[in-house]
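# Descriptive structure summary
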Amino acid sequence: MTRALRLAYVTDQFLPSDGADTIQLVSMTSAFAVAGHAVTLMPPAPRQSIPDAANVAAHYGVAPGFGWHPLPGPYPALFRGLEKLLHGWKAARYLRGREIDAVYTRNLPSLLAVLLLTGLPVFYETYRPWPAQSAAKSLLFRALARQRRFAGLILHSALAAGSYAPLGYDEARLLVAHNGINPRLFESAPSRQEARARFGFDPDKIIAVYAGHVSPTKGLGLVLDAAQRLPELEFVLAGSTGEGAIEQRARGMGNVRVLGWQRPEAVIALLAAADILIIPPTAAPLQRTGNTVLPLKTFQYMAAGRAIVAPATPDVMEVLADGSNARLVPPDEGESFVAVLRSLAADPALRARLGAAGRDAALANSWQARAERVAGFIRNRLASGAG
């Protein structure tokens, strides 16, 4: 029998929170544990308010079988960068000499601290094509390619992987692993009518839903432009955390409803209430450093079994195909976006066909399946002498 891996998952994110990146990292931590691996999650924590593992697991709707070792500190610090550096240093100090197989992280300060202060191998996961977005990061990752203990990178897209390969990372050191979903949540989703009753939506309207961070940087201006031209459709934007430009503009629109952050099971119900699910059709996230490539919502949308409208960008096109399991729109073309929404609203058979195709693919791609694939990659890299 293959021995379970012993992993320390170091994150500089405060938990719980409403960020998509924390949903991803907690889901993967839980999935490693469900797959039988001994994984300990190590977040920062304010000394006056140290979170409990069971509460964190409940917040994200995941199994609570992972280890939990928060590292208290003087938070909030003067600035976020200092918090990240302090947490990376504290985590590395704690892990030095521990009997674990590898450190896993999504954070560069933690990665660098572990490489500098311990003898442990490190695996780094990211959605970011850093070398293509930042000259400084390109130099950093070129230097890291020569570090034997920098054992491997787990990338969320082939687009991201393609930015690291030219820097000296051979194919065996890179794993493309698209994100997953929790099938249990979707298999118990309410019907369209039940979900609409829960949120107080009109049972007969065509409803288009966006679920994610509500911000102008996500291309939601395009969505509001479309809503102005399609008064016969209802638009729901879920994931607001304040009163920004999008919220202020939407307030004066009779066919737009803005909701706050939703717990995981509420997100599933919200998607079930929709006829159309929107990834705003803009290329801005690919052009702006720090924005998500192939967003997590892509896989949640697919699993919901609803028609998806998304941008025809290289990352999205790794999993969505126009006319097969989604409708893809040329980025930042408002006319095309409106035309596609209008055509989907008028064609329930097309919506059903696209939704069914996406659901079948997504439900086979669970977090546990992804964790097992990543664990196999880690084993192979350690067996090859990396680290």
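Located above this text is the structure these notes cover.
A short tour of the structure in this document, coming up. (Residues numbered from 1 in each chain as written. Predicted model: local features only at pLDDT ≥ 70, side-chain atom pairs only at ≥ 80, totals over all residues. Heavy atoms only, no water.)

### A few points about the pattern of salt bridges
According to the stated counting rule, one finds 13 salt bridges in the structure shown. Note that aspartate 275 and arginine 192 form a salt bridge whose closest N and O atoms lie 2.9 Å from each other. Highlighted residues: aspartate 275 in the loop between α12 (264-272) and β13 (276-278) and arginine 192 in helix α9 (residues 192-199), separated in sequence by 83 residues. Classification of aspartate 275 by relative accessible area gives buried; the value is 6%. The closest approach of N and O atoms between glutamate 335 and arginine 229, which form a salt bridge, is 3.0 Å. Taken as a pair, glutamate 335 in helix α15 (residues 334-345) and arginine 229 in helix α10 (residues 220-229) lie far apart in primary sequence, 106 residues in all. The exposure class of glutamate 335 is exposed, given its relative accessible area of 54%. (Salt bridge = Lys/Arg side-chain N within 4 Å of Asp/Glu carboxyl O. Helix = DSSP H or I, 4+ residues; strand = E, 2+ residues; numbered from the N terminus. Buried < 20%, exposed > 50% of the residue type's maximum accessible area, 1.4 Å probe, protein only.)

### Some thoughts on α9
Restricting attention to buried positions, one finds in α9 the residues Ala195, Arg196 and Phe199. The arc that holds every buried residue of α9, seen down its axis, measures 100 degrees, which confines them to one face. Among the exposed residues of α9, those oriented more than 90 degrees off its buried face are Glu194, Ala197 and Arg198. Check the buried side of α9 and you find it contacts β10 (206-211), β12 (256-260) and α12. Positioned one or two residues after α9, glycine 200 has a phi angle of 75 degrees, which is positive. (Arc of directions from axis to C-beta. Contact = heavy atoms within 4.5 Å.)

### Topic: the packing of helix α14 (residues 297-304) against helix α16 (residues 348-363)
Orientation of α14 relative to α16, taken along the N-to-C sense of each, is 115 degrees, at an axis distance of 6 Å. The two elements α14 and α16 cross, and the hand of that crossing is left-handed. For the pair α14 and α16, contact is made by Phe299, Met302, Ala303 and Ala304 and by Gly355, Gly358, Arg359, Ala361, Ala362 and Leu363, respectively. When the residues that make up the contact of α14 with α16 are grouped by side-chain class, the tally is seven nonpolar, two polar and one charged. (Axes fitted to C-alpha atoms, helices over the stretch in contact; angles between N-to-C directions. Left-handed = near helix turned anticlockwise from the far one by under 90°. Nonpolar A, V, L, I, M, F, W, Y, C, P; charged D, E, K, R; others polar.)

### Some details on the sheet that holds strand β4 (residues 67-68)
Taken in spatial order, the seven strands of this open sheet run β4-β2-β1-β6-β7-β8-β9, and their pairing is parallel. Each of the sheet's edge strands pairs with one partner strand only, and the pair in question is β4 and β9 (174-176). The pairing of strand β7 (residues 122-126) with strand β8 (residues 150-155) spans five bridges and is classified as parallel. Paired with threonine 126 across the two strands is leucine 155, which belongs to β8. (Pairing = 2+ DSSP bridges.)

### Describing the sheet that holds β12
Taken in spatial order, the six strands of this open sheet run β12-β11-β10-β13-β14-β15, and their pairing is parallel. At either margin of the open sheet sits one strand with a lone partner, and together these are β12 and β15 (327-329). Mean inter-strand twist for the sheet, computed between neighbouring axes without regard to direction, equals 25 degrees. Across the face of the sheet, α12 comes into contact with β10, β11 (233-240), β12 and β13 while running at roughly 150 degrees to β10.

### As for the environment of glycine 358
Of note, glycine 358 is situated in helix α16. Assessed through its relative accessible area of 2%, glycine 358 is described here as buried. Those residues in contact with glycine 358 that lie beyond four places of it in its chain are Met302 and Asn325.

Interpretation note: all reported values are geometric properties and have no functional meaning in isolation.
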